[in-house]
Structures are given as structure tokens and as C-alpha cells.
Amino acid sequence: MNMNKLRQYTGLEEIVGQLFVIRNIHNAGYNEIVEITEENGNIRIGLTLEVGEGYAVVQVLGGTSGMSLKNCRVRFKGKPLEFGVSLDMLGRIFDGLGNPIDGLPAPVAEETMNVNGMAINPYARDYPENIIETGISAIDVMNTLVRGQKLPFFSGSGLPHDLVAAQIVRQARAEGEGFCVVFAGMGVKYDTARFFIKSFEETGVLDNVIMFLSLADSPSLSRLMTPRFALTAAEFLAFKKDMHVLVVLTDMSNYCEALRELSTMRGEIPARKGYPGYLYSDLASIYERAGRIKNKKGSITQIPILTMPNDDITHPIPDLTGYITEGQIVIDRELHAKGIYPPISVLPSLSRLMKDNIGLNKTRDDHPALASQLFASYAKTKDIQAIASIVGEEELSSLDHLYLNFGQVFETKFVNQGYNERRTLEESLEKGWDIISILPEEELVRISEEQIKKHYREKR
């Protein structure tokens, strides 16, 4: 092979799928950008996925179809893949590799940033605080989303997680100025992509959204790079422009499937369910880009959405996601079958940062106690329903029947709300008091007498 002072080589050893192997080279860097020039002069871009002494494995962004083993010239650029970012990206739609697909010219970049992100010193991280209102009662009251948090949605095939994601993008609000949304779709179908675009355009929120869409027929690497390009844009807006950025990533299961596909191409030894052993660290490299930094006004909040294969919450994708993130929102198939939207199952859902960001001087003084009482009462309802399925409802006490009534109203009036219905936190709390007042005062053991006197609705 020939090499010049620009680290350019001629000839490949092997091409496998979207990858090629090149040997007899000087040492290359991991995630280094590679320029491949074909015999006809066409130029493709690739990234080094694996490097060693005298060799590199490179994935080509546009695929390897038509490439020649002998006549390709490979040039190592000596730097990682970078993305030109600016405020003009707001209201724009890009593909998974940051190229505009809305028919408009590429925005003029204010600066270029490494798409792999910059590691944040843990000491420099600030604790997430202040809530983001999603307009959905089951989230705002029961599983509050906090600025700087990563709160995944666990869903299943055929469930309306796309609707919930679109509703959150349309409705999310945060106090103060400079709130925006970065939306990343990985491996989404064409009609799903059109749904998101149309939904945001019709409701007028697109001007405040940056969209990155990698369709289902895109190469694996496009799906793997989409969240990285999206988070690079989010980091620019949050930490350079002091904005509060909500990042919605859907569907992380498609991302992990692309990672497994790539791992198989490389001949790596698989771990659980065929996924690579580094699935945890790879997911962490995405999720840990959320947060707040001391002395910076901006923040990045993440809502990763993933579909659990066979609704299995112990599957490696939701399992590892749960280790890295700060809670989960579970989309329930049984509630969906009842016609309840959004079908959010309150009991297995959790926001670990909620307790430190609700209550007096944060949301409302009765919020923590009301949320705790609603949760406890609904859990008791489920226990009574289990007993009733064995002994029959006629054997239950009058108090048990009150709990059954409470559970039904909680699902149909509190959890259930329209796709176009946005409830303020105040409205959600008041609705919670309307429903908890179905139960007698003596059952509200998690609420103080003072708050009961102030908010409890007497039965008419």
C-alpha cells in the first residue's frame, strides 16, 4: 500500500456489509473520520469502529455498495466526526447524519462540535431541579419530570407511545425563557415520520423544535449516529445559548438493534439476547449527556422511548436503561385495551428526582401528600380487585366497593385525557383532589388534617 504525508492509503483488505478492513497503516484513532475516494472520484465518509496496531475497521456512512478493494483511496483525517451547529437549526428537519431534508439550504454554522460529546466532569454537574410541565396528569402529578433528568418511557409494540411523544413535544412547558425541544427518530417508518412532522407543523410548535429523522430503511450507522447528532445540537443550545432543552429519543430499541447488527458484522462474541457486551456503556454514552452544569443556565432533559420486546421489562434494553436513568414511565397494554389514553401505568412508573422538586415553593404544598395518597389508594384498589376476582364482588365490604369506584374513576378521569387536552399542574392537582375525595377522610392517612380541611371535597 502507498501512503503520503496526509496519511492516505490505497487498497482495502476486506469488505463486509457496511464495513471494510484496511491493514498496513499507521496507527489510527477510535471514532476518527475517514474519507474514501473511489476510482470514479466519488467521495464517501466513514468512521473507525475498531483500531489496532497497523489496521482499522471502518464503517461507511453511505454503505459500501460499488466500492472496489484495490482502487479505493482511504484518507484518515485525524479528527472525530463534527457537526456545524447554530440557532438557525430551530424549526428545521435533518436526517440522521445532520443533513437538511426539509428542502431548505443547510443553516450557517456558528461553530462545529464533536458529535460524540464532551465528557462532563462529575464534580461540575449540578443537581436537576425545577419541573417541566408535560400537560399530562399521570406524569406531572405522579411522576414529575425535572430539568436535567433522564426519564425513559417503557412501551410495547402497538402501543401509542408515538402519540404520547408528540403530545409531550407539543405541550411541554418550563418556567422562564429559552425552552425548546430536540426530537430524534431512529428507525421510524415513513408514515410515522410524516405524522410527527405534520403534528408539529399544524400545532405551530415546529419553529421551536429541531427534528432528526432516521427512517427504517436507513443504514445501521445512521440510526446509531442520530441521537449523537441530536444531542450535539442540544448541548450547543443548552450550554452555549443557555436554553432549557427537552430531548425526545424514539425508538431506542431500534438503536440497540442497529448496534447488535453492527456487532454481528464485526464478528464479536454476543452477550445477553445477542446484544454486544458493551451495550450498557454505549447506552450510557447517550443517556449521560443529559443534565445541568454548575454556573450554566441551560439544561438537557431526556425522554428516551423504547419498545420492550414481548412487553418484557427484564429484557436487556429496558433493564440496562433502568440502571442508567432516573426512573421510568410505563405504557400499559391493559389500560390501552380499556380505551384509556395515555395508558400510563402509575404503579410501576417512577421518577426518582420527583420528591426533591415538588412541594412548598416548588409546585404546591399539597402535591407530595396528594401524589403519595393517590398512589397508595390505587395500589390498594388493585389488591381489592385481585381479591374480588377470587371471592366475587358481592363478598366485599362497602369500603372495598368505594375503593373499586375510586380505582375506576382514577383511571377514566385522572389518567385518561384527550390527545389534544393539556392540563396545567394546578388543574391536575385539583382533579386529583376531586377523585381522592371519593374515599372517606379517615382513609387519607398520608395527608395532613390541615390539607384535608383545605382541599377535601365533601360528598354532596
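Everything that follows concerns the structure shown earlier in this document.
**Q** Account for the nonpolar core, with residues named and values stated.
**A** V182, F212, V245, M252 and L283 are the most contacted members of the largest nonpolar core, which has 60 residues in total. With 37 residues, the next largest nonpolar core counts I136, V181, I305 and I329 among its residues.

**Q** Outline the sheet that holds strand β3 (residues 19-23), listing residues and values.
**A** Spatially, β1-β7-β4-β5-β6-β3-β2 is the arrangement adopted by the seven strands of the open sheet, whose pairing is antiparallel. Two strands lie at the open edges of the sheet, namely β1 (8-10) and β2 (14-16), each paired on one side alone. Across this sheet, the average inter-strand angle for adjacent strands is 30°, counted without regard to direction. Sheet topology note: the strand β4 (residues 32-37)/strand β5 (residues 43-52) ladder contains five bridges and is antiparallel. Note on β5: the bridge partner recorded for I36 is R44.

**Q** Would you mind going over the side chain of N357 in detail, with residue names and values included?
**A** Counting through the fold element by element, N357 comes out in the loop between β21 (344-351) and α9 (367-391). Given a relative accessible area of 3%, N357 falls into the buried group. From its side chain, N357 meets the backbone nitrogen of N130 in a polar contact 3.1 Å long.

**Q** An account of a nonpolar patch on the surface is needed here, citing residue identities and associated values.
**A** On the surface, I387, I390 and V391 cluster together to form a nonpolar patch covering roughly 300 Å² of accessible area. Its location among the elements puts I387 in helix α9. Judged by its relative accessible area of 44%, I387 falls in the partly exposed class.

**Q** For the environment of S253, give the residues involved together with the corresponding values.
**A** Looking at the secondary structure, you find S253 in helix α5 (residues 252-265). The sequence separation of S253 and L306 amounts to 53 residues, and the corresponding C-alpha distance is 5.2 Å. With sequence-adjacent residues up to four places away left out, S253 is seen in contact with L306, T307 and I317.

Rules and cut-offs
Residues numbered from 1 in each chain as written. Predicted model: local features only at pLDDT ≥ 70, side-chain atom pairs only at ≥ 80, totals over all residues. Heavy atoms only, no water. Core = buried A, V, L, I, M, F, W, Y, C linked by side-chain atoms within 4.5 Å. Buried < 20%, exposed > 50% of the residue type's maximum accessible area, 1.4 Å probe, protein only. Pairing = 2+ DSSP bridges. Helix = DSSP H or I, 4+ residues; strand = E, 2+ residues; numbered from the N terminus. Axes fitted to C-alpha atoms, helices over the stretch in contact; angles between N-to-C directions. Polar contact = N/O pair within 3.5 Å; in protein donor to acceptor, adjacent residues only side chain to side chain. Patch = residues over 30% accessible without salt bridge, like charges linked within 9 Å, V, L, I, M, F, W, Y side chains within 5 Å. Areas by Shrake-Rupley, 256 points an atom, 1.4 Å probe, with all protein chains shown as cover. Salt bridge = Lys/Arg side-chain N within 4 Å of Asp/Glu carboxyl O. Contact = heavy atoms within 4.5 Å.

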